[in-house]
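The primary structure of each chain is shown beneath.
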Amino acid sequence: MFLPSMRLDGKNAIVTGAGRGIGRAIAIGYAEAGANVALLSRTESDLQEVASHIERLGKKAIVLPTDVTNRKEVQKSVAAAKEVMGTLDILVNNAGMNIRTKALEVTDEEWERIMQTNLKSAFMCSQEAGHIMKEQNHGKIITIASVAGQIALRTGVVYAATKAALIQMTKVLAFEWGQYGINVNAIGPWYFRTPLTKALLEDEHYVRDILAVTPLKRIGELPELVGPAVFLASEGANYISGQTIFVDGGMTIHGF
């Protein structure tokens, strides 16, 4: 038999930023693939809605309201997820934000907020999960990066800096933790339909500019992002580590 399992039956996952958008989609997608999921974000009401959806699928959902920029809260939530589920097989670092301020106008407060939310949180969650995965001698860490970490966009310099750092962090953690059976990879999305992009994607001129540099000539749909996230967490990706898969309709290969 050559086809490895793409199922996640019996696996236990943590997903940050799980209340909305990409994180919500991945959390539910993991449950559909058979995993139990611990849900982390600041807004408990959003997490409860996702948990109800997961429980209707017959899987366990753990609601853990967490400020992922706070070390003590991250430690507490990761420990709680491990205690309830027994193992920690998968971590998805999805929590993130963007402020599209021009570089000359970025404030110190904006810099700190984006760095803390996008970069520091992903490292702290990876570090806390890494301790557990090292003891288990297995684990999958998947970080949601962005095409902005690979190519230059018009605005969002701080966001781009964090996403480039996440791509490099993925490589270094994969190098350092491979000996413990931990696979570390990233996904770099382009534009997908989420609550955060709704207003932007209602602007036909903005969408025209997006599609002009997207070979597939359309906006991504969330199931097309969940597929790679499930794959990277599955047995099918056991020999993949340190990589960033760009799920971008071909945007990062665009040329003139």
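Before reading further, recall that the structure is shown in the block above.
The structure reproduced in this document is the subject of the present report. Remember, it's a predicted structure, so these values are computed and weren't measured experimentally. Positions within a chain are numbered from 1, following the residues in the order the chain's sequence is written. Local features in a predicted model are, by the rule used here, given only for residues with pLDDT of at least 70; side-chain atom pairs are given and counted only at 80 or more, and totals for whole chains, interfaces and linings are based on all residues. The basis for every side-chain value is the complete set of non-hydrogen atoms in the structure, without hydrogens or water.

**A word on the pattern of salt bridges**
Thinking step 1. The working definition used for a salt bridge is a side-chain nitrogen of Lys or Arg within 4 Å of a carboxyl oxygen of Asp or Glu. Inspection of every chain in the model, using the stated rule, returns 11 salt bridges.
Thinking step 2. Between Glu-128 and Arg-71 there is a salt bridge; the shortest N-O distance is 2.8 Å. One end of the pair, Glu-128, is in helix 4 (residues 108-136); the other, Arg-71, is in helix 3 (residues 71-85), and 57 residues separate them in sequence.
Thinking step 3. Glu-128 gets classed as buried once you look at its relative accessible area, which sits at 13%. Strands are runs of DSSP state E lasting at least 2 residues, helices are runs of H or I lasting at least 4, and numbering of each runs from the N terminus. Relative accessibility thresholds used throughout: buried, under 20% of the residue-type maximum; exposed, over 50%; partly exposed, between the two (1.4 Å probe, protein chains only).

**Quick look at the packing of helix 1 (residues 21-32) against helix 2 (residues 44-56)**
Thinking step 1. Simply put, an axis is a line fit to the C-alpha atoms, just over the touching stretch for a helix, and the angle between two N-to-C directions goes from 0 to 180 degrees. Here helix 1 crosses helix 2 at 20°, and the two axes come no closer than 9 Å. The angle between helix 1 and helix 2 falls in the class roughly parallel. For helix 1 against helix 2, the interelement crossing comes out right-handed. Two secondary-structure elements touch here, helix 1 through Arg-24, Ala-27, Ile-28 and Ala-31 and helix 2 through Glu-49, Val-50, His-53 and Ile-54.
Thinking step 2. Of the residues in the contact of helix 1 with helix 2, the class split is 5 nonpolar, 1 polar and 2 charged. For classification purposes, an angle smaller than 35 degrees is called roughly parallel, one larger than 145 roughly antiparallel, one from 65 to 115 roughly perpendicular, and anything else oblique. Take the far helix as the reference: if the near one is turned anticlockwise from it by less than a right angle, the crossing is left-handed, and if turned clockwise, right-handed. By the convention used here, residues are in contact when the closest approach between their heavy atoms is within 4.5 Å. Three classes are used: nonpolar for Ala, Val, Leu, Ile, Met, Phe, Trp, Tyr, Cys and Pro, charged for Asp, Glu, Lys and Arg, and polar for all others, with Gly counted as polar.

**A look at unusual backbone geometry**
Trans is the common state for peptide bonds, and a negative phi is the common state for residues other than glycine.
Thinking step 1. The backbone of Asn-137 sits at a positive phi, close to 65°, despite the residue not being glycine.
Thinking step 2. Position of Asn-137 among the secondary structure elements: in the loop between helix 4 and strand 5 (139-144).
Thinking step 3. Although it is not a glycine, Lys-217 sits at a positive phi angle of roughly 60°.
Thinking step 4. Within the fold, Lys-217 resides in the loop between helix 7 (204-212) and helix 8 (223-233).

**What about the sheet that holds strand 6 (residues 182-189)?**
Thinking step 1. If DSSP finds at least two bridges between two strands, the strands pair. The strand order across the open sheet built from 7 strands is 3-2-1-4-5-6-7, with neighbouring strands paired in parallel fashion. The open sheet has two edge strands, strand 3 (61-65) and strand 7 (244-247), and neither has a second partner. In this sheet, adjacent strand axes meet at a mean angle of 15° when their direction is disregarded.
Thinking step 2. Where strand 1 (residues 12-16) lies against strand 4 (residues 90-93), 3 bridges are found, and the strand directions are parallel. When the bridges of strand 4 are listed, Val-15 appears paired with Val-92.
Thinking step 3. Against the sheet, helix 2 engages strand 2 (36-41) and strand 3, with an angle of about 175° to strand 3.

**Side note on the packing of aromatic side chains**
Thinking step 1. Aromatic pairing here means that ring centres of Phe, Tyr or Trp (its six-membered ring) are within 6.5 Å. Orientation follows from the plane angle: under 30 degrees is stacked, over 60 is edge-to-face, and everything else is tilted. This model, assessed by the stated rule, comprises 2 aromatic pairs.
Thinking step 2. An angle of 70° between the planes, with centres 4.8 Å apart, marks the rings of Trp-190 and Tyr-191 as edge-to-face. The same class applies to Trp-190 as to Tyr-191, namely buried.
Thinking step 3. A centroid spacing of 5.8 Å and a plane angle of 85° characterise the contact between Tyr-191 and Tyr-206, whose relative ring orientation is edge-to-face. In this pair, Tyr-191 is assigned in the loop between strand 6 and helix 6 (198-201) and Tyr-206 in helix 7, connecting sequence segments 15 residues apart.
Thinking step 4. Looking at Tyr-191, the relative accessible area reads 12%, which means it is buried.
Thinking step 5. An aromatic cluster is present here, built from Trp-190, Tyr-191 and Tyr-206 joined pairwise through their rings.

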